[in-house]
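# Topology and contacts: notes
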Amino acid sequence: MASLHCSSYFLGTNLTKQNSVAIFQSYSPTSFTKLASRVSRQRFLLCSLAMNGCEADHKEPLGTVETRTLSTVTSPAIATEKLITAVSNLKTEPPSFSSGIIRLQVPIDQTIGAIDWLHAQDDALPRSFFSCRRSDAGRQDLLQDLASENVNGSSDRNPVSVAGIGSAVFFRDLRPFSHDHWRCIRRFLSSTSPLIRAYGGLRFDPRGKIAVEWEQFGSFYFTVPQVEFAEFGENSVLAATVAWDEEISWTLENAIEALQETMLQVSSGIMRLRRESLGVSVVSKNHVPSEGAYYPAVASALEIIKAKNSPLSKVVLARSTRIITDTNIDPIAWLARLQREGQDAYQFCLQPLGAPAFIGNTPERLFHRKHLGVCSEALAATRPRGDSAVSDMEIERDLLTSPKDDLEFSIVRENIREKLKAICDRVIVRPPKTVRKLARVQHLYSQLAGQLRREDDEFDILTALHPTPAVCGCPVDEARILIKQIESFDRGMYAGPVGYFGGGESEFSVGIRSALVEKGLGALIYAGTGIVSGSDSSSEWNELDLKISQFTKSLEPALQPIN
């Protein structure tokens, strides 16, 4: 049946509505006052009724999957009022289906940043955010070279970024993500409603022990937001979604009442976030592993790689850096700051109820599927950007001619090529190797694309490509075993797939350059480096520092000029 998901700050499990009432009644007036005060300080909803779509029968199609578009308005405030009325009308004149999902959307004749809208919603949870790489619009995509057919009713108009609060339906389980789980998600999607999407991610290692900081994410977590703000190039859309399934005791009436509660929290007072430094000082920094432990770990990995008859050619060793700051970090403001220099990257935020915020500014695409066309890319080997055009070109030349970096990159590219060949009729690789420049670093890069035999192969894309050698190693199974032996922390969703499933289109990034942000506890910042024959422990440690610098530098107060 539908679950009442309560904050893990005080309730560590999912409860039915009746059980939660009994628990609240068991509190004494004094303890309940303390509890309420604590929740008030946290400034987010105590709990929210929602439907876990994994509990339904994935073989049974929904009664309806539809999008209703209302007339265009001039402001978010008018759009909110219009949606509140539309939701009330839906309650008055309900459809006759026992299950379904309906998206009500209002175009707004303004260009408003989705991340600015999300920040205006205070700390309403759960919340989600996903922004595509803006530079992709100007980069020729290999999908254009594939003869993929349009699906009737689908739309090529893609939002730049999407923010959401609440869950019309979510999908979470402790078991590893399976084909049945994917079918549960696909049940709520349709090519005729392309903007009904499930946003979320998967753990890097679905079979690894889940650490306490990752508990609320499960083995995977996806959500179709109740209230969603989509940012397009020239306008915006505010949407509200209801999903119901009487088979698991979640009626349309339940869904509408839950949505109405969320709609009451929606703020239309949107101000553009400042993209300057957050002005937060880092009080302490603790690495796991420490530098003293990291060097022997690299030496051990190299010994295995170089051993005679060893199948292992590469392993990616990661580091978790706990930072404590003088004040709480606002994860959405931090993400907005990262977005300023991340035009060539995906930005994301996933935050279930009772969980820290998982945010990222990742340059790496896992895959983009549009109908039958699928595109991926190889990204490996790292150098800093130069402080002048001349030094930047010298560094680029060194990267392109380095045998060690060519080996690391070739392992990644060829592995992805072989995996695509297994599920595609043909695969294009272009260019074989070039340099991709980001704000602080540059990498070796290649784009790969293929033609799927059928759209239902989407699950196979995900399981085939994740994890890539860029974040795990090669061969994957051997690298995973070594990572489990060496690393002493839970990667969680770091280096896992993060993105969305849609009816005619799906896109996933690789959850690197990411952090887990929790009030009062600072943040955990994650980074990894590829270890291959020729790797040097000191250089790899410096690379880890370089990769987390975009996070730490964006926190620091700007230096004031000396008069």
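Residues numbered from 1 in each chain as written. Predicted model: local features only at pLDDT ≥ 70, side-chain atom pairs only at ≥ 80, totals over all residues. Heavy atoms only, no water.

Before going further, it helps to spend a moment on the overall build of the chain. Per the secondary structure count, the chain includes 13 helices and 25 strands. Sorting the 563 residues of the chain into buried and exposed places 58% on the buried side. In the chain, the proportion of contacts linking residues at least 24 apart, taken out of those at least 6 apart, comes to 80%. Summed over its atoms, the accessible surface of the chain is roughly 22500 Å², and 50% of this surface lies on carbon and sulfur atoms. (Helix = DSSP H or I, 4+ residues; strand = E, 2+ residues; numbered from the N terminus. Buried < 20%, exposed > 50% of the residue type's maximum accessible area, 1.4 Å probe, protein only. Contact = heavy atoms within 4.5 Å. Areas by Shrake-Rupley, 256 points an atom, 1.4 Å probe, with all protein chains shown as cover.)

The subject of this paragraph is helix α13 (residues 537-555). Here α13 spans 28 Å end to end across 19 residues, near enough to the 27 Å set by a 1.5 Å rise per residue. When the local axis directions of α13 are compared, the greatest deviation, roughly 50°, occurs at Ser 549. (Expected span 1.5 Å × (residues − 1). Bend = angle between axes of the 7 residues up to and from the residue.)

For the pair helix α7 (residues 291-306) and α13, interaxial distance at closest approach is 9 Å and the crossing angle is 125°. In terms of orientation, α7 lies oblique with respect to α13. Judged by the sense of rotation from one axis to the other, the crossing of α7 with α13 is right-handed. Of the residues in α13, those in contact with Glu 291, Tyr 294, Tyr 295, Val 298 and Ala 299 of α7 are Ser 537, Ser 538, Glu 540, Trp 541 and Leu 544. A class-by-class count of the residues in the contact of α7 with α13 yields six nonpolar, two polar and two charged. (Axes fitted to C-alpha atoms, helices over the stretch in contact; angles between N-to-C directions. Parallel < 35°, antiparallel > 145°, perpendicular 65-115°, else oblique. Left-handed = near helix turned anticlockwise from the far one by under 90°. Nonpolar A, V, L, I, M, F, W, Y, C, P; charged D, E, K, R; others polar.)

With six of six residues buried, strand β16 (residues 357-362) lies mostly within the body of the structure. The alternating pattern of β16 places Ala 357, Ile 359 and Asn 361 and Phe 358, Gly 360 and Thr 362 on opposite faces, both of which are buried.

Moving on to empty space enclosed by the protein. Throughout the structure, instances matching the rule amount to nine cavities of 30 Å³ or more. Roughly 200 Å³ of internal volume is contained in the largest cavity. Mapped by element, the contributors of at least two residues to the lining of the largest cavity are β14 (314-325), β18 (373-384), β25 (523-532) and α13. The greatest single-element share of the lining of the largest cavity, amounting to five residues, is contributed by β25. (1 Å grid on protein atoms, 1.4 Å probe; cavity = no way out; pocket = protein on both sides within 12 Å on 5 of 7 lines; lining within 4 Å. Points joined across faces, edges and corners; volume = space filled by probe spheres on them.)

With that out of the way, let us pick up the environment of Asp 57. Mapping Asp 57 onto the fold places it in the loop between β3 (47-50) and β4 (64-69). Taking the relative accessible area as the measure of exposure, Asp 57 reaches 30% and is therefore partly exposed. Taking the C-alpha atoms as reference points, Asp 57 and Glu 247, 190 residues apart in sequence, are found 8.3 Å from one another. Ignoring any residue separated from it by four or fewer positions in sequence, one finds Asp 57 in contact with Arg 187 and Glu 247. At a separation of 3.0 Å, a polar atom in the side chain of Asp 57 contacts the main-chain amide nitrogen of Lys 59. (Polar contact = N/O pair within 3.5 Å; in protein donor to acceptor, adjacent residues only side chain to side chain.)

Relative to strand β20 (residues 441-452), strand β19 (residues 424-437) runs antiparallel, the two sharing nine bridges. Looking at the pairing, Arg 436 lines up with His 443 of β20. (Pairing = 2+ DSSP bridges.)

What follows concerns the packing of aromatic side chains. Inspection of every chain in the model, using the stated rule, returns 22 aromatic pairs. An aromatic cluster is present here, built from Phe 177, Trp 182, Phe 220, Phe 222, Phe 367, Phe 459, Phe 501 and Phe 508 joined pairwise through their rings. One cation-aromatic arrangement involves Arg 491 over Phe 204; the distance from NZ or CZ to the ring centre is 4.3 Å. (Phe/Tyr/Trp six-rings, centres within 6.5 Å; stacked < 30°, edge-to-face > 60°. Lys NZ or Arg CZ within 6 Å of the ring centre and 35° of its normal.)

The angle between the axes and the distance between the axes are what describe a pair of packed helices. In the contact formed by helix α8 (residues 331-341) and α13, the axes pass within 10 Å of each other and the chain directions differ by 120°. For α8 against α13, the interelement crossing comes out right-handed. Residues Trp 334, Arg 337, Leu 338 and Glu 341 of α8 form the contact with α13, whose participating residues are Gln 550, Phe 551, Ser 554 and Leu 555. Within the contact of α8 with α13, the residues separate by chemical class into four nonpolar, two polar and two charged.

Turning next to the sheet that holds β18. Taken in spatial order, the nine strands of this open sheet run β8-β10-β9-β22-β23-β17-β18-β20-β19, and their pairing is antiparallel. Each having just a single partner strand, β8 (169-173) and β19 make up the two edges of the open sheet. Adjacent strand axes in the sheet meet at a mean angle of 15° when their direction is disregarded. The strands that helix α10 (residues 403-423) touches are β18, β19 and β20; relative to β18, the one it contacts most, it runs at about 170°. Packing against the sheet, helix α11 (residues 458-465) makes contact with β9 (198-202), β17 (365-370), β18, β20, β22 (497-501) and β23 (505-510), and its axis sits at approximately 170° to β17.

For the structure on display, the rule yields 34 salt bridges. One salt bridge in this structure joins Asp 405 and Arg 383, with 2.7 Å as the shortest N-O distance. One end of the pair, Asp 405, is in helix α10; the other, Arg 383, is in strand β18, with 22 residues separating them in the sequence. Grouping residues by exposure puts Asp 405 and Arg 383 together as buried. Here Asp 425 makes a salt bridge to Arg 453, at a shortest N to O gap of 3.2 Å. Pair noted here: Asp 425 is in strand β19 and Arg 453 is in the loop between β20 and α11, with a separation of 28 residues, a long-range link. By relative accessible area, which is 57% here, Asp 425 ends up exposed. (Salt bridge = Lys/Arg side-chain N within 4 Å of Asp/Glu carboxyl O.)

Attention shifts here to the state of the cysteines. One pass over the structure, following the stated rule, counts zero disulfides. For the unlinked cysteine Cys 54, the closest cysteine sulfur is that of Cys 184, found at 5.3 Å. (Disulfide = S-S within 2.5 Å.)

Before going further, it helps to spend a moment on the nonpolar core. Counting 149 residues, the largest nonpolar core has Phe 171, Phe 177, Phe 222, Val 315, Trp 334 and Ile 359 as the members making the most contacts within it. Here this core spans two domains, since at least three of its residues come from each of domain 1 (49-146 + 158-265) and domain 2 (282-555). Aside from chain neighbours lying at most four places away, what touches Val 315 is Ala 301, Ile 305, Cys 472, Gly 473, Ala 479, Leu 482, Ile 483, Thr 529, Gly 530 and Ile 531. (Core = buried A, V, L, I, M, F, W, Y, C linked by side-chain atoms within 4.5 Å. Domains from an automatic or database assignment.)

For the rest of this paragraph, the subject is helix α9 (residues 389-401). The end-to-end C-alpha distance of α9, which contains 13 residues, comes to 18 Å, matching closely the 18 Å that a straight helix rising 1.5 Å per residue would cover. All of the buried residues along α9 are Ser 391, Asp 392, Glu 396 and Leu 399. Mapping the buried residues of α9 onto a view down its axis gives an arc of 140°, with all of them on the same face. α9 presents Val 390 and Thr 401 as exposed residues on the side facing more than 90 degrees away from its buried surface. (Arc of directions from axis to C-beta.)

So far we have only geometry, and geometry alone does not tell us how the molecule works.
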